[in-house]
Amino acid sequence: MFNCPAFRSNPVLGLLTAGFTLAMMPATCSASAADDARLVAALDTEFQAAVKHNDAATIARHLADDMVLLTGRGRIYTKQDHIVSAQKQERIYEQQDEEPGTQTVRVWGDTAVVTALLWCKGTAGDGKPFDYKVWFSDTYVRTPAGWKYVFGQASLPMPAEPA
């Protein structure tokens, strides 16, 4: 392409054409795995905070449309379940936070898995208090719209710690 006589006689045209060609090529470079891990860690922490504050808009922004969460009791929650729960404030959280130092993010190309111990404490819509910790794994996938939470799995509540 650059051996064309028009490009040899007009180097500016050659540079413009080369720049246009490069701009039209798909991006093959991505952030490093460490950068991706930091980004996904921050996204998951932001997601947990959105759940804590019943922030339906932020929850919706983080979740893929076909996202599912599978709990240790075998219940499946969808993106819509999460959004409706936040809108109705089915739970009022005092705590909905990862235990410090427990978050690990593993990245494999366009997939990342966050694992952490989550402390959930508050009051359910029926007035019943809850206070438990669960281990969870949240799976994120890089999409054209950015990283999206696609699948989660949570353990049964951990045994209460002795007083």
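Relevant structure appears above.
Here the residue numbering is sequential within each chain, running from 1 through the sequence in written order. Whole-chain, interface and lining totals are the exception, using all residues; otherwise, since this is a predicted model, local features are given only for residues with pLDDT of at least 70 and side-chain atom pairs are given and counted only at 80 or more. Values shown for side chains rest on all heavy atoms present in the structure; no hydrogens or waters enter the calculation.

*Asks:* Which parts of the structure should I look at to understand helix α3 (residues 33–52)?
*Replies:* Counting along an α-helix, one turn takes 3.6 residues, and residues three or four places apart therefore face a common direction. For α3, with 20 residues, the first-to-last C-alpha span of 28 Å sits near the 28 Å given by 1.5 Å per residue. For each residue, the accessible area found with a 1.4 Å probe, counting protein chains only, is set against the maximum for its type, and the residue is called buried under 20%, exposed over 50%, and partly exposed in between. Secondary structure elements are defined from DSSP: runs of H or I of at least 4 residues count as helices, runs of E of at least 2 residues count as strands, and each element is numbered from the N terminus. Those residues of α3 not exposed but buried are D36, A37, V40, A41, L43, D44, F47, Q48, A50, V51 and K52. Taken from the residues just after α3, N54 is the one with a positive phi, measuring 50 degrees. By this rule, a helix spans an expected 1.5 Å times one less than how many residues it contains.

*Asks:* Is there a simple way to think about unusual backbone geometry in this case?
*Replies:* Where the residue is not glycine, phi is negative for most of them; where a peptide bond is considered, it is trans in most cases. One non-glycine residue, N54, adopts positive backbone phi at about 50 degrees. Assignment of secondary structure puts N54 in the loop between α3 and α4 (56–62). Given a relative accessible area of 15%, N54 falls into the buried group. The phi dihedral of Q89 is positive, around 50 degrees, even though this residue is not glycine. Within the secondary structure, Q89 is located in the loop between α5 (79–88) and β3 (91–98).

*Asks:* I'm lost on the side chain of K148 in this one. Help?
*Replies:* When you line up the elements, K148 lands in strand β7 (residues 146–154). Each polar contact in these results corresponds to two N or O atoms within 3.5 Å; when the atoms are within protein, one needs to be able to donate a hydrogen and the other to accept it, and residues that are neighboring in sequence are counted only if both atoms are side-chain atoms. Side-chain polar atoms of K148 contact the backbone oxygen of R61, separated by 2.5 Å. Here, residues are in contact when the closest pair of their heavy atoms is within 4.5 Å. Apart from the residues lying within four places of it in its own chain, the contact partners of K148 are R61, H62, L63, A64, T139, Y140, V141 and T143.

*Asks:* Could you clarify how one ought to interpret the side chain of T115 in this entry?
*Replies:* The residue T115 is located in strand β5 (residues 111–124) in this model. Here T115 is in contact with T102, Q103, T104, R106, W135, F136 and S137, once residues within four sequence places are set aside.

*Asks:* Help me out: how do you make sense of the pairing of strand β4 (residues 104–108) in this one?
*Replies:* Looking along a regular strand, one sees the side chains alternate between the two faces of the sheet. Alternating residues of β4 divide into V105 and V107, all buried, and T104, R106 and W108, none buried. Direction of pairing for β4 relative to β5: antiparallel, over a ladder of five bridges. What sits directly across from T104, in β5, is T115. Hairpin geometry of β4 and β5 is characterised by an intervening segment of two residues between the two adjacent antiparallel strands and by a positive phi of about 65 degrees at G109. At least two DSSP bridges between two strands are needed for those strands to be called paired.

*Asks:* For this particular structure, what's the right way to read the pairing of strand β1 (residues 63–70)?
*Replies:* In this structure, β1 lies alongside β7, joined through four bridges in parallel fashion. Each residue of the ladder has a partner; that of L69, found in β7, is G152. Note that β1 and strand β2 (residues 76–78) share three bridges and pair antiparallel. Pairing of L69 across the sheet is with Y77, part of β2. Taking the residues between adjacent antiparallel strands as the criterion, β1 and β2 are bridged by five residues, where G74 takes a positive phi near 85 degrees.

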